[in-house]
Amino acid sequence: MQAIARPLARASPRALSRAAALSTWSAVPAGPPDPILGVTEAFKRDQDPRKINLGVGAYRDGNGKPFVLPSVKKAEELVAGVDKEYLPITGLPEFTQRAALLAYGEDSAPLKSNSIAVTQSISGTGALRIGGAFFARFYPHSKTIYLPTPTWGNHTPIFRDSGLEVKGYRYYDKRTVGLDFEGLKEDLKSMPEKSIVLLHACAHNPTGVDPTREQWIEISNIIKEKSLFPFFDMAYQGFASGSTSRDAFAVRHFVSTGHQIALCQSFAKNMGLYGERVGAFSLTTADPEEKARVESQLKIVIRPMYSNPPLHGARIASTILGTPELYSQWEGEVKGMAERIISMRDRLYDNLVAQKTPGDWSHIKSQIGMFSFTGLTTPQTKALAEKAHIYMTADGRISMAGLNAHNIDYFSESVSKAVKGDL
Amino acid sequence: MAVHAETWEEVPLAPPDSIFKLTAAYKADSFPQKINLGVGAYRDDDSKPWVLPVVKKATELLLTDPDIDHEYLPITGLPQFTSAAAKLILGRDSPAILEDRVVSVQTISGTGANHLGALFLSRYYRFGEGGKKVWLSDPTWVNHFAIFRNVQIEPVTYPYYDPATIGLAFEPFLETLRSAAPRSVFLLHACAHNPTGVDPTREQWGQICDIILEKGHYAFFDCAYQGFASGDLDNDAWAVREFVKRGVPLLVCQSFAKNAGLYGERVGAMHVVAPTEEAADRVKSQLSVLQRSEISNPPAHGARLVSLILNEPVLFAQWKEDIKTMAHRIIEMRKELHKLLTEELKTPGNWDHIVNQIGMFSFTGISTEASQALTEKAHIYLTTNGRISMAGLNRKNIRYFAENLDKVVRGQL
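Please read all numbers here as calculations on a predicted model, not as lab measurements.

Colleague: Would you mind showing me how to read the overall build of chain B here?
Modeller: For chain B, the count of helices and strands is 16 helices and 13 strands. Here chain B has a C-alpha radius of gyration of 22 Å; the compact-globule value for 413 residues is 22 Å, and the two agree. When the backbone C-alpha atoms are referred to their principal axes, chain B occupies close to 65 × 65 × 55 Å. Classification of the 413 residues of chain B by burial places 64% in the buried group. The long-range fraction of contacts in chain B, counting pairs at least 24 apart against all pairs at least 6 apart in sequence, stands at 75%.

Written out as structure tokens, the structure is:
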């Protein structure tokens, strides 16, 4: 900068300021495109009529269209005439109460004793960020959070930017395309005591590989032995099995066996409210007095970031959860979405086998939720994008929701060719 | 039974947010003539929240549009919203827009914009010998301090308000601009200064701009009241546009909470005016990275409403009328209050600032003790710095307010 500044030293103030202006952002490097959201951008640019977007985890109906849940449409009409006043910092109280009830279940001890500190958040991302910042500030025993390998790509930047150190524990076994349970247990046992452990409550993203109930129980026991802190991310409640209570098993088991937990909830997928950014962050605490202290500090995290959360989505979610007919309608719709995805899994498996695709594809059926870790390599995914106009993230993750009766044959043929090297 | 019963033991109880606390106290008060002059949210003449007629129209349009879904917006927000928002504040013919030098990101209202702007500066601004600081007006919106501290930028204050004149401390302000280290960051309220309602004149803005250019300072504009200050959108954007025209490096935070009455829908934007298109691209990529690790992408509904309002000529015209309705009611209240104090009650002191100050707030000039007395004795809720939200006054309560203000000034409350 000295070289530029000197010749201009005798220039007019405007030229000096222009130099200053020119230099203001000259050191800002170009940031990388987002690996997940960047897939959709690439898809949009593609003109080929056969193109398929299997990138972002957003549900699509049988015709490949975004699906506005009928229960959501009804709720939206009901909340249309309400005012636009600011919500409290921790959000719409009816929403947070009902969200907590959905996750923890009505028999939950801390819920019944009014000891769950909860705040509305900007969907799951916002919940993770609030949680990360809260732990960085107030968790007394560690500043390290352990994430499963692999995990959702955005987890690492969220926790790092919150001020936590990020490490990994073994989770996915490439060889079996399943859970590396022995590795997971070993890593939990060798973590420093009282470390923070991130757990995907259900429908692991990106692998779709979930522990069984028995495995969850073992995991819970080890976590208790080592006094590790369970930090749950639940973005797919209802979406995994079709049942909201079933999908909350791990969370509820941990709480009922005496763990204190942190929980991030998203209503992006299970209510299709993606862009409305509806979520919640909660912590189980010792009692209402502690809940009050913790909530007061959650507010201190939130206020300088965005003051208070958005109304619209929270009102919709709250109306659904609080109106019995809408609630059961919604449960039926979630089940419908989960079932369509399961049927796509079955069909994809059948197609790949019929085409004598090398390899064992049973993981397609055993994996759970919106995503499937196909096992495709990065070069294969690249080839699929470039030659077949099929878009997925480079790690071979596909959003099952992007498949339907119209495109599944083209997809399975292309995958088969890619694996055989014939693309 | 809990494994970590002591985990959150040491978490201290934080003091409640001062403004929200005031509203909570007001709600709990059962006194029939209570008045809430705390939060800067517009109220109609019946003290009710007012959903703008244009917002009702836009809501109906969205509800009946079969193509509207709830899909994720791009990381930087709804493009039709951000580009229209940029044109609104910078002017559709802004050289910066025409030259593709503006980076616009949809944010969670004004707070989100301030936070993102501050975070970006914290990461990428090359602070000079002055260190990692931001200059805030004394006084300013209370949340500004927390916003900057939260991203490790130290807030310091520049003289702004002169209690002796209940006006602008102009010379001391200029002096601070001159003596600050080169390339310092100055937060400027684009119009309708919060909390004082005291704005520089255009002539004064020109002088402020001169020094900012000389010193290579960075202008961090906060614009939460465009349209609300004078009733005219372009008028209220004058300072920002002038600075862009003169080449000051700047960003501007924009809120639609007040001027569109969309408070809780959290509609805002942050625009960085870069020196070149190429720089703008790099800046945009980094803003996306920052946004992604905090919220991923911003909330859709409010942005869709504002996008309709800004882009449909009929709705835009209606909006301008709705803004005038609000701005004019406030100006009427100012005039009425001034009249009551000076002509009828003959309250000691000069009350011209009530009509000279601009926007939603008025800095009455009364002391902390007097403010507290108004609350405790007269059930009139205002912040302890003597700031009142004019929007909280109406034809039914203005006399009660004036009489009690008069009493407290006379020491008779």
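Colleague: Explain the packing of aromatic side chains to me, please; I cannot follow it from the model alone.
Modeller: Each aromatic ring pair is described using two quantities: the centre-to-centre distance and the angle formed by the ring planes. Here the structure, examined in full by the defined rule, presents 49 aromatic pairs over all chains. With 6.1 Å between their ring centres and 35° between their planes, Phe231 of chain A and Phe281 of chain A make a pair best called tilted. Taken together, the residues span a long stretch of sequence, with Phe231 of chain A in strand E8 (residues 229-234) and Phe281 of chain A in strand E10 (residues 278-284) at a distance of 50 residues. A residue is classified by how much of its surface remains accessible, and Phe231 of chain A, at 0% relative accessible area, is buried. We classify Phe281 of chain A as buried; its relative accessible area is 0%. Ring geometry for Tyr158 of chain B and Phe173 of chain B: centres 4.6 Å apart, planes at 10°, overall stacked. Remark: Phe173 of chain B occurs in helix H7 (residues 170-179) and Tyr158 of chain B occurs in strand E4 (residues 154-159); sequence separation between them is 15 residues. Take Tyr158 of chain B: its relative accessible area is 1%, and that puts it in the buried class. The structure contains a cluster of three or more aromatic residues connected by ring pairs, namely Phe134, Phe135, Phe138, Tyr139, Phe159, Phe229, Phe231 and Phe281 of chain A together with Trp8 of chain B. Above the ring of Phe249 of chain A, the side-chain terminus of Arg213 of chain A is found at 4.3 Å from the ring centroid. Sitting above the plane of the Phe361 of chain B ring, Arg387 of chain B keeps its charged end 3.7 Å from the centroid.

Colleague: Looking at this structure, I do not really get the interface of chain B and chain A. What am I missing?
Modeller: Every contact between the two is made by 81 residues of chain B and, on the other side, 92 residues of chain A. Between chain B and chain A lies a buried interface of about 7400 Å² when both sides are counted; carbon and sulfur atoms form 59% of it. For the interface between chain B and chain A, the tally reads five salt bridges. For the side of chain B that touches chain A, the elements supplying multiple residues, two or more each, are helix H1 (18-28), helix H2 (53-64), helix H5 (109-124), helix H6 (143-150), helix H11 (277-292) and helix H12 (300-311) of chain B. The greatest single-element share of the side of chain B that touches chain A, amounting to seven residues, is contributed by H5 of chain B. Split into classes, the residues belonging to the side of chain B that touches chain A amount to 45 nonpolar, 20 polar and 16 charged.

Colleague: Would you mind going over the confidence of the model for chain A with me for this structure?
Modeller: If pLDDT is low for a region, its predicted coordinates should not be looked at in detail. Per-chain confidence: chain A averages 92 in pLDDT, with 95% of residues scoring 70 or above. This model gives residues 1-13 of chain A a pLDDT under 50, and the stretch forms six contacts once residues within four places in sequence are excluded.

Colleague: It is not clear to me how the pattern of salt bridges should be interpreted in this structure. Could you clarify?
Modeller: All names here are of chain B. Taken as a whole, this structure holds 32 salt bridges over all chains when the rule is applied. Measuring nitrogen to oxygen at the nearest pair gives 3.1 Å for the salt bridge that ties Arg178 to Glu175. Placement of both Arg178 and Glu175 in helix H7 is noted, with a separation of three residues, approximately one turn of the helix. A relative accessible area of 42% places Glu175 in the partly exposed class. Taking the shortest distance from any N to any O, the salt bridge between Arg246 and Asp210 comes out at 2.5 Å. Residue Arg246 is found in the loop between helix H10 (238-245) and strand E9 (250-255), and its partner Asp210 is found in helix H8 (residues 202-215); the two are separated by 36 residues along the sequence. Given the relative accessible area of 32%, Asp210 is considered partly exposed.

Colleague: What's the story with the domain arrangement of chain B in this structure? I'm lost.
Modeller: Interface extent is often summarised as the accessible area lost during association of the parts. Residues and elements named next belong to chain B. Split into domains, chain B comes out as domain 1 (18-50 + 327-407) and domain 2 (79-311). Here the C-alpha centroids of domain 1 and domain 2 sit 28 Å apart. Facing the 19 residues of domain 1 at the interface are 18 residues of domain 2. Note on domain 1 versus domain 2: buried area summed over both sides is about 1500 Å², and carbon and sulfur give 67% of it. Ranking the residues of domain 1 by area buried against domain 2 places Ile358, Phe361 and Phe363 at the top, with a combined share of 36%. Taken together, the connections running from domain 1 to domain 2 amount to zero salt bridges. Taken together, the connections running from domain 1 to domain 2 amount to four residue pairs in polar contact (both at pLDDT 80 or more).

Reading the values: rules and limits
Residues numbered from 1 in each chain as written. Chains lettered and ligands numbered in written order. Predicted model: local features only at pLDDT ≥ 70, side-chain atom pairs only at ≥ 80, totals over all residues. Heavy atoms only, no water. Helix = DSSP H or I, 4+ residues; strand = E, 2+ residues; numbered from the N terminus. Rg over C-alpha atoms; globule rule 2.2 N^0.38 Å. Buried < 20%, exposed > 50% of the residue type's maximum accessible area, 1.4 Å probe, protein only. Contact = heavy atoms within 4.5 Å. Phe/Tyr/Trp six-rings, centres within 6.5 Å; stacked < 30°, edge-to-face > 60°. Lys NZ or Arg CZ within 6 Å of the ring centre and 35° of its normal. Buried area = accessible area lost by both parts, 1.4 Å probe. Salt bridge = Lys/Arg side-chain N within 4 Å of Asp/Glu carboxyl O. Nonpolar A, V, L, I, M, F, W, Y, C, P; charged D, E, K, R; others polar. pLDDT = per-residue confidence, 0-100. Domains from an automatic or database assignment. Polar contact = N/O pair within 3.5 Å; in protein donor to acceptor, adjacent residues only side chain to side chain.

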